[in-house]
Amino acid sequence: MEGKKIPTRDGFGKAIVELGRENKNIYVVDIDIGKSCKTGEFAKELPGQHVNVGIAEQNGAGVAAGLATTGKIPFVVTYAVFGSLRMSEQVRQEICYPNLNVKIACSHGGVTPANDGASHQCIEDMGVYRTIPNMTVIMPADYYATKALVKEAAKTYGPMYLRFTRDAIPVIYDENQKFEIGKAIQLSQGRDVAIIANGDTVHLALKARDVLEGRGISARVLDMHTIKPLDVEAVLGCVRDIGRIITVEDHNIFNGLGSAVCEVAAEAGNARVKRVGIQDQFGMSAPYERLLEINGITVENIVALAQGEW
Amino acid sequence: MKNISVEELKERARELRKTALTMIYEAQSGHPGGAFSAAEMVTALYYREMNIDPKNPKWPDRDRFILSKGHACPIQYAALGRLGYFPEEALHTLRKEGSILQGHPDMKKCPGIDISTGSLGQGLSCGVGMALAAKRDGKDYRVFVLVGDGELDEGQIWEAVMAANAWKLDNLTIVIDNNNLQLDGTCDQVIPHLDLTKKMEAFGYETYEIDGNDMEQVVSALDKIRESSTGKPKCINARTVKGKGVSYMENQLGWHGMAPNKEQYEIAMNELERGF
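Residues numbered from 1 in each chain as written. Chains lettered and ligands numbered in written order. Predicted model: local features only at pLDDT ≥ 70, side-chain atom pairs only at ≥ 80, totals over all residues.

Explain the overall build of chain B here, please?
Each helix and strand in chain B was counted, giving 10 helices and 7 strands. In summary, chain B has a C-alpha radius of gyration of 17 Å against a globular reference of 19 Å for 276 residues, a match within 12%. Expressed along its principal axes, the backbone C-alpha trace of chain B runs to roughly 50 × 45 × 35 Å. By residue count, 53% of the 276 residues in chain B fall in the buried class. (Helix = DSSP H or I, 4+ residues; strand = E, 2+ residues; numbered from the N terminus. Rg over C-alpha atoms; globule rule 2.2 N^0.38 Å. Buried ≥ 20, exposed ≤ 12 C-beta atoms within 10 Å, placed from the backbone.)

When you look at the overall build of chain A in this model, what are you seeing that I'm missing?
Looking only at helices and strands, chain A has 13 helices and 14 strands in total. Principal axes of the C-alpha set define a box for chain A whose edges measure 55 × 35 × 35 Å. Here chain A holds 310 residues, and 61% of them are scored as buried. Within chain A, contacts between residues at least 6 apart in sequence are counted, and of these 80% link residues at least 24 apart. (Contact = placed C-beta atoms within 7 Å.)

Sorry if this is basic, but what is going on with the packing of helix H9 (residues 202-214) of chain A against helix H13 (residues 299-307) of chain A here?
To characterise two packed helices, one gives the angle between the axes of the helices and the distance between these axes. Residue and element names in this part refer to chain A. Contact geometry of H9 with H13 gives a least axis separation of 9 Å together with a crossing angle of 50 degrees. One finds that H9 runs oblique with respect to H13. In terms of crossing hand, the pair formed by H9 and H13 is right-handed. Contacts between H9 and H13 involve Leu204, Ala205, Lys207, Ala208, Val211 and Leu212 from the former and Val299, Ile302, Val303 and Ala306 from the latter. For the contact of H9 with H13, the per-class residue count stands at 9 nonpolar, no polar and 1 charged. (Axes fitted to C-alpha atoms, helices over the stretch in contact; angles between N-to-C directions. Parallel < 35°, antiparallel > 145°, perpendicular 65-115°, else oblique. Left-handed = near helix turned anticlockwise from the far one by under 90°. Nonpolar A, V, L, I, M, F, W, Y, C, P; charged D, E, K, R; others polar.)

Help me out: how do you make sense of the sheet that holds strand S2 (residues 143-148) of chain B in this one?
The strands making up a sheet are joined through hydrogen bonds of the backbone, oriented either antiparallel or parallel. Residues and elements named next belong to chain B. Here we have 5 strands laid out as an open sheet, ordered S1-S2-S3-S7-S6, and parallel in their pairing. Looking along the sheet, the strands with just one partner apiece sit at the ends: strand S1 (64-67) and strand S6 (206-211). Each adjacent strand pair in this sheet contributes to an overall mean axis angle of 15 degrees, direction not counted. Note: strand S3 (residues 172-178) against strand S7 (residues 234-239), 6 bridges, orientation parallel. Residue pairing for S7: isoleucine 176 is matched across the bridge by asparagine 237. (Pairing = 2+ DSSP bridges.)

How should I be thinking about the interface of chain B and chain A in this particular structure?
Interfaces are frequently sized by the accessible area removed from exposure as the parts join. Listed by partner, the interface residues are 21 residues for chain B and 22 residues for chain A. If you list the elements that add at least two residues to the side of chain B that touches chain A, you get helix H5 (123-137) and helix H6 (155-166) of chain B. Considering every element that reaches the side of chain B that touches chain A, the biggest residue donor is H5(B), with 9 residues. Class assignment of the residues belonging to the side of chain B that touches chain A gives a composition of 9 nonpolar, 8 polar and 4 charged.

Is there a simple way to think about helix H10 (residues 262-274) of chain B in this case?
Since the α-helix turns once every 3.6 residues, residues separated by three or four places project in the same direction. Here H10(B) is 13 residues long and its end C-alpha atoms lie 18 Å apart, about the 18 Å a rise of 1.5 Å per residue gives. One or two steps after H10(B), the chain reaches B:Gly275, where phi turns positive at roughly 85 degrees. (Expected span 1.5 Å × (residues − 1).)

Would you explain the nonpolar core in this entry?
Among soluble globular proteins, nonpolar side chains are generally buried collectively. Residue and element names in this part refer to chain A. Within the largest apolar cluster, 190 residues are counted, with the highest numbers of intra-cluster contacts made by Ile195 and Ile302. Taken domain by domain, the makeup of this core includes at least three residues from each of domain 1 (5-170) and domain 2 (185-307). When residues no more than four places from it in sequence are discounted, the contact partners of isoleucine 195 are Ala205, Ala208, Arg209, Ala219, Val221, Ile246, Val248 and Ile302. (Core = buried A, V, L, I, M, F, W, Y, C linked by C-beta atoms within 7 Å. Domains from an automatic or database assignment.)

I tried to follow the sheet that holds strand S4 (residues 73-79) of chain A on my own but got confused; where do I start?
Residues and elements named next belong to chain A. The sheet built from 7 strands is open, its strands ordered S3-S2-S4-S5-S7-S6-S12 with mixed pairing. The open sheet has two free edges, formed respectively by strand S3 (50-52) and strand S12 (226-228), since each of these has just one partner strand. Going from strand to strand, the sheet's axes swing by 20 degrees on average, the running direction of each strand aside. Looking at chain direction, S4 and strand S5 (residues 103-107) are connected through 5 bridges and run parallel.

Even after reading the chapter, I still don't get the domain arrangement of chain A, so can you show me in this structure?
All names here are of chain A. Assigned domains of chain A: these are domain 1 (5-170) and domain 2 (185-307). The distance between the C-alpha centroids of domain 1 and domain 2 comes to 25 Å. Contacts between the two partners involve 29 residues from domain 1 and, on the opposite side, 28 residues from domain 2. If you list the elements that add at least two residues to the side of domain 1 that touches domain 2, you get helix H7 (125-130), strand S6 (136-138), helix H8 (143-155) and strand S8 (168-170). In the side of domain 1 that touches domain 2, the residues fall into 15 nonpolar, 9 polar and 5 charged.

I would appreciate a short explanation of unusual backbone geometry in the present structure.
Outside of glycine, negative phi angles account for most residues, and trans bonds account for most peptide bonds. The omega torsion across A:Lys228 and A:Pro229 is -5 degrees, close enough to zero to call that bond cis. Within the element layout of this structure, A:Pro229 appears in the loop between S12 and helix H10 (232-241). The backbone of A:Asp32 sits at a positive phi, close to 65 degrees, despite the residue not being glycine. Secondary-structure assignment places A:Asp32 in the loop between strand S2 (26-30) and helix H2 (34-37). Judged by C-beta crowding, with 15 C-beta atoms within 10 Å, A:Asp32 ranks as partly exposed. In this structure, B:Leu194 takes a positive phi of about 55 degrees despite not being glycine. Relative to the helices and strands, B:Leu194 resides in the loop between helix H7 (187-190) and helix H8 (196-202).

What is the right way to look at the packing of helix H1 (residues 6-27) of chain B against H10(B) in this model?
Residues and elements named next belong to chain B. Remark: H1 packs on H10, axes separated minimally by 10 Å, with the N-to-C direction vectors making an angle of 170 degrees. In terms of orientation, H1 and H10 fall into the roughly antiparallel class. Between H1 and H10, the residues in contact are Arg14, Arg17, Lys18, Leu21 and Tyr25 and Tyr265, Ala268, Met269 and Leu272, respectively. Its residues assigned to classes, the contact of H1 with H10 comprises 6 nonpolar, no polar and 3 charged.

Please clarify how H6(B) should be interpreted in this entry.
Given a rise of 1.5 Å per residue, 12 residues ought to cover 16 Å, and the 17 Å separating the end C-alpha atoms of H6(B) matches this to within 8%. Inspection of H6(B) places B:Gln156, B:Ile157, B:Glu159, B:Ala160, B:Val161, B:Ala163 and B:Ala164 among the buried residues, and these make up the whole buried set. Taken together, the buried residues of H6(B) touch helix H4 (57-69) of chain A together with H5, S2 and S3 of chain B. B:Lys168 sits one or two residues past H6(B) and shows a positive phi near 50 degrees.

I keep staring at the pairing of S2(A) and nothing clicks. Help me out?
On a regular strand, one side chain projects to one face of the sheet and the next to the other, so that they alternate. All names here are of chain A. In terms of burial, S2 is a largely internal element, 5 of the 5 residues being buried. Burial along S2 is two-sided: the face carrying Ile26, Val28 and Asp30 and the face carrying Tyr27 and Val29 are both buried. Of the strand pairs in this sheet, S2 and S4 are connected by 5 bridges, and their pairing is parallel. The partner of isoleucine 26 across the bridge, within S4, is isoleucine 73.

Help me understand the environment of B:Leu222 in this model?
Residue and element names in this part refer to chain B. Locating leucine 222 in the fold gives a position in helix H9 (residues 215-227). What makes leucine 222 buried here is the crowd of 24 C-beta atoms within 10 Å. Considering only alpha carbons, one finds leucine 222 and methionine 50, 172 residues apart in sequence, at a separation of 10.0 Å. Apart from the residues lying within four places of it in its own chain, the contact partners of leucine 222 are Ala44 and Glu49.

Set out below in structure tokens:
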């Protein structure tokens, strides 16, 4: 499987059209970037379940809420920066507060819209949505994880935020892998250090594990695809069994996966956490890998931290 | 539509104003001004126009009512309570801990609330979503959204206004409670909305401009809307008086969000009963 790279937005596009065929209540609310977010096939095949509100995020969130009150399951589809920050108050007031069954499904998470620059990259979204009651926050790690988690989201009641990548990322699962919202996937057992990652950084964690293994260090790798509700048991397992945790995410180091893990670890005691993520700075137009490197989101840095002082 | 005379509706509006004022007085908190400007419209919709069943508030085919200017909720709660959506005793619990009658409408707590509101500018979008669902499902229920004129400052309103036109939602009626007052001044001082009737016409709406505190005119506009076959979304530009019905509240900025003291309450109840 190594070498095969697919943007996870493609997985969303596939999953949503399959869902729409099976269930007439599945709706897509596009914000006029459907082509980019891969809802084109859905719009073409299922026009009766599709609507484009135009370049109007706030209205999109409200229209979805209205649809949800009649039993529809709307997926509001846009870029992460708009789907979180531009419509976050509408999502809070009209979706999360009344606990309506609306999914906010966004491409262009993290720095994956690399060439577009800082305006289109989004490093704040998961943190914003993690603080709103009733919200579930998910970032799948590859194409197959995306397909599976989008389907899980559709059959699980409640407001959810799902975040996908614009750029291609390695495929690490196959289509038989099972996913459960709120349940981390342990990709290796490990005893010396735990690496907890999500989204487009899980494959970096796996590569770091391999490098560490060659140096006699055994790493547990967790794919924490859901940061809310966090799989607290899985984190506590790392605290109990290992006590040394590295978190890795394509998100600001504040209020994302790293923060969520720190909260659990600090309350449990007896563990140290080192966070790898965006260093609280805006991005720029640059190659995707280069943006990760500038922020230390690299295999080398994960390995160095694992081997460093604890 | 229910058969009820204009005279009877006026009596109901009087009763709802008194109920709303009592709620605000007992809570010593709430928004009387915008509740009173909307009283005739709320009364006509709940008691005459809308196809609803208070015993079955989640009936899928019911007409929907959205109070986008959620702070005016005491007048809506009064209607819901009097119509039997919940026990009338609850009308004494406004803004109290554990109450179904939150400071702003909460659909999860209060039967008959079709969407939670309170943050201005958002209810119309939800109404557009509901009206769209009716069309897609081939149902003939209608959606009425009451917005404040101050609320029209919000850009989201105009996003929703355009969407309803784009999708030909002739089952949607926007009622503008045009009392020309917002929190910090008159709308003309803060952000003038100019000619809202012309504006909404230009946005593709079938429009009605009325005195929104004249029950006859409210009923007449709703009659025409019910019979209309233009295929356009509808808008009633209802010119109203904030604080309508109480001499010292009418057109007074200060009564946007203030509760009366005992003496003021008694004067107001007296005026609402007998006129002034």
